Amino acid sequence: MRKKIGIGIIGTGFARKVQIPAFQNLANAEIISIASRQLKNAEDAASDFDIAHFTDDWRETVEREDVELVCITTPPDTHFEMALASIELGKHVLCEKPMAFDVAQAQKMTEAAHKKNVLALIDHELRFLNGRQKAFNLLREDKIGKIFHCKYFFNNATRGNADLPWSWWSSVESGGGTLGAIGSHAIDTLRWFLGAEIAEVFCHLHTNIKQRPDAETGEKREVTSDDEALMILKFAESDLLEEATANVSLSMVEAGNYRNCVEFFGTKGAIRIEDNGEIFFTDISENIWQEIKVELGEVVPKTPQNGWSRGFAAFSHKIINAISAGKTEIKYAATFKDGLEVQKVLDAARKSDETGCLIKI
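Engineer: Break down helix α9 (residues 336-355) for me, citing the residues and quoting the values.
Structural biologist: Over its 20 residues, α9 runs 28 Å from end to end, which matches the ideal 28 Å to within 8%, given 1.5 Å per residue. Where α9 is concerned, the buried positions are F336, D338, G339, L340, E341, V342, Q343, V345, L346, A348, A349 and S352. Two or three places before K337, at the start of α9, stands the capping residue T335, its side-chain oxygen 3.2 Å from that residue's backbone nitrogen. Residue G356 follows α9 closely and has a positive phi angle near 75 degrees.

So, in structure tokens, the structure goes:
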């Protein structure tokens, strides 16, 4: 029997909340090392999860011979260097979204992964929700006919408190903001479900909370990233589509119920998929949403009760099993090539916001 797959974690944010518990829930995986820019954060995480090695130098984690998979859960402006270093050493990589700072970086990362023939994935874990996969198949079974419009809504108020300290999330130079963090998921969701690329984008980015206190001094610092992103998209043609468009509304400062929802409208009806993968269907002649029952899937103990945790619980199994079997592809998983296509849309969206113009991709 093959030994456990050794994992190196870079970053102690999302990894600590979701990824580490999920991987430690697997019998054939072991977290070998954890790195963070702040040594205290790495030490605390190592202590909480009984991880033997911790460091403030991510290269120590990447270069360990017993690390086969590197999980990069750091700000977007750091992904490029970390991913290339890991790939050069023949490591498999799971990279957080957005994949890179811009298309040029994403292109080089994709080419490097292709040359080394390693498992190179973007953490779009929502693809692995049972409900999303069922809806994916329903669309291909002509459940709602030809799709002509989509809507993606995301809103919560996790950054709605103006007293929340300034961090990399507040800095466009570090890749912070709603467009990258949530827009990357929305774009990937639409591309994956529809099997089509986005051909045109019109985007408006907005910053509602324009200053935040410095974590150390308390003095106000300018927020240069967006906390609200609005997009209008047009898709290239595919077998599922008929001159399809989409509205995307994303906010990190809106009070009220948390919402992460995608809707598809076709010539025969519509399908809506909610946060945990709940599916609703309406026929064009009835216009009444009815739930399609689906098993939502497990949530690993001590992780949030939401779609991100459910999706990653399922995704983590697939990743470790693929590495154990010597595979470099996973059905439904987002690859670096997918990350590159998403990055093209993100870059175009930013250009649209800067110029006030529709951008063709």
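Now that the structure has been shown, the text picks up again.
Engineer: Quick one: what's the story with empty space enclosed by the protein, residue by residue and with numbers?
Structural biologist: With a probe scaled to a water molecule rolled over the atoms, the places where space remains empty come into view. Tallied over the entire structure, the rule returns two cavities of 30 Å³ or more. By volume, the largest cavity is sized at about 50 Å³. H124, L126, R127, R132, H185, D188, T189 and W192 together form the lining of the largest cavity. Among the elements that line the lining of the largest cavity, the one with the most residues is helix α7 (residues 178-194), at four residues. The class makeup of the residues in the lining of the largest cavity is two nonpolar, three polar and three charged. Computed from the structure, the second largest cavity encloses a volume of approximately 40 Å³. Around the second largest cavity, the lining residues are R159, W169, S170, R212, V223, S225, D226 and D227.

Engineer: Which residues make up the layout of surface pockets, and what values go with them?
Structural biologist: Looking at the second largest pocket, its volume works out to about 300 Å³. V172, G176, L205, D226 and R350 are, among the 19 residues lining the second largest pocket, the residues nearest its centre. Looking at the lining of the second largest pocket, the elements that each hand over two or more residues are β8 (198-206) and α9. For the lining of the second largest pocket, the leading source of residues is α9, giving five residues. Residues belonging to the lining of the second largest pocket are distributed by class as follows: six nonpolar, seven polar and six charged.

Engineer: Now, about the pattern of salt bridges: what can you tell me, with residues and values included?
Structural biologist: Here the structure, examined in full by the defined rule, presents 17 salt bridges. We note a salt bridge from R127 to D338, for which the minimum N-O separation is 3.9 Å. In this pair, R127 is assigned in the loop between β6 (120-122) and α6 (130-140) and D338 in helix α9, connecting sequence segments 211 residues apart. Close ionic contact of E274 with R272 constitutes a salt bridge, the shortest N to O distance being 2.7 Å. Residue R272 is classed as buried on the basis of its relative accessible area, which comes to 13%. If you follow the salt bridges from partner to partner, you end up with R127, D188, R191, E197 and D338 in one network.

Engineer: Can you break down the packing of aromatic side chains residue by residue, with the values?
Structural biologist: Enumeration according to the criterion identifies ten aromatic pairs in this entry. Ring geometry for W168 and W169: centres 6.4 Å apart, planes at 45 degrees, overall tilted. Take W169: its relative accessible area is 14%, and that puts it in the buried class. For the pair W192 and Y332, a centre-to-centre distance of 5.8 Å together with 90 degrees between the ring planes defines the contact as edge-to-face. Here the residue W192 occupies a position in helix α7, and Y332 occupies one in the loop between α8 (307-324) and α9, the gap between them amounting to 140 residues. Pair check on accessibility: W192 and Y332 agree, each one buried.

Engineer: Explain the sheet that holds strand β12 (residues 241-251) residue by residue, including any values.
Structural biologist: In spatial order, the strands read β16-β15-β14-β13-β7-β12-β11-β8-β17; together these nine strands make up an open sheet with mixed pairing. The open sheet terminates on both sides in strands that have one partner only, identified here as β16 (290-292) and β17 (359-360). Both β8 and β17 contribute to a ladder of two bridges, which runs antiparallel. Paired with V201 across the bridge in β17 is I359. Across the sheet, α7 touches β7 (147-155), β8, β11 (228-235), β12, β13 (259-266) and β14 (269-273), and the angle it forms with β12 is around 155 degrees. Its contacts with the sheet place α9 against β8, β11 and β17, and it is angled at close to 55 degrees to β8.

Basis of the calculations
- Residues numbered from 1 in each chain as written.
- Predicted model: local features only at pLDDT ≥ 70, side-chain atom pairs only at ≥ 80, totals over all residues.
- Heavy atoms only, no water.
- Helix = DSSP H or I, 4+ residues; strand = E, 2+ residues; numbered from the N terminus.
- Expected span 1.5 Å × (residues − 1).
- Buried < 20%, exposed > 50% of the residue type's maximum accessible area, 1.4 Å probe, protein only.
- Polar contact = N/O pair within 3.5 Å; in protein donor to acceptor, adjacent residues only side chain to side chain.
- 1 Å grid on protein atoms, 1.4 Å probe; cavity = no way out; pocket = protein on both sides within 12 Å on 5 of 7 lines; lining within 4 Å.
- Points joined across faces, edges and corners; volume = space filled by probe spheres on them.
- Nonpolar A, V, L, I, M, F, W, Y, C, P; charged D, E, K, R; others polar.
- Salt bridge = Lys/Arg side-chain N within 4 Å of Asp/Glu carboxyl O.
- Phe/Tyr/Trp six-rings, centres within 6.5 Å; stacked < 30°, edge-to-face > 60°.
- Pairing = 2+ DSSP bridges.
- Contact = heavy atoms within 4.5 Å.
- Axes fitted to C-alpha atoms, helices over the stretch in contact; angles between N-to-C directions.

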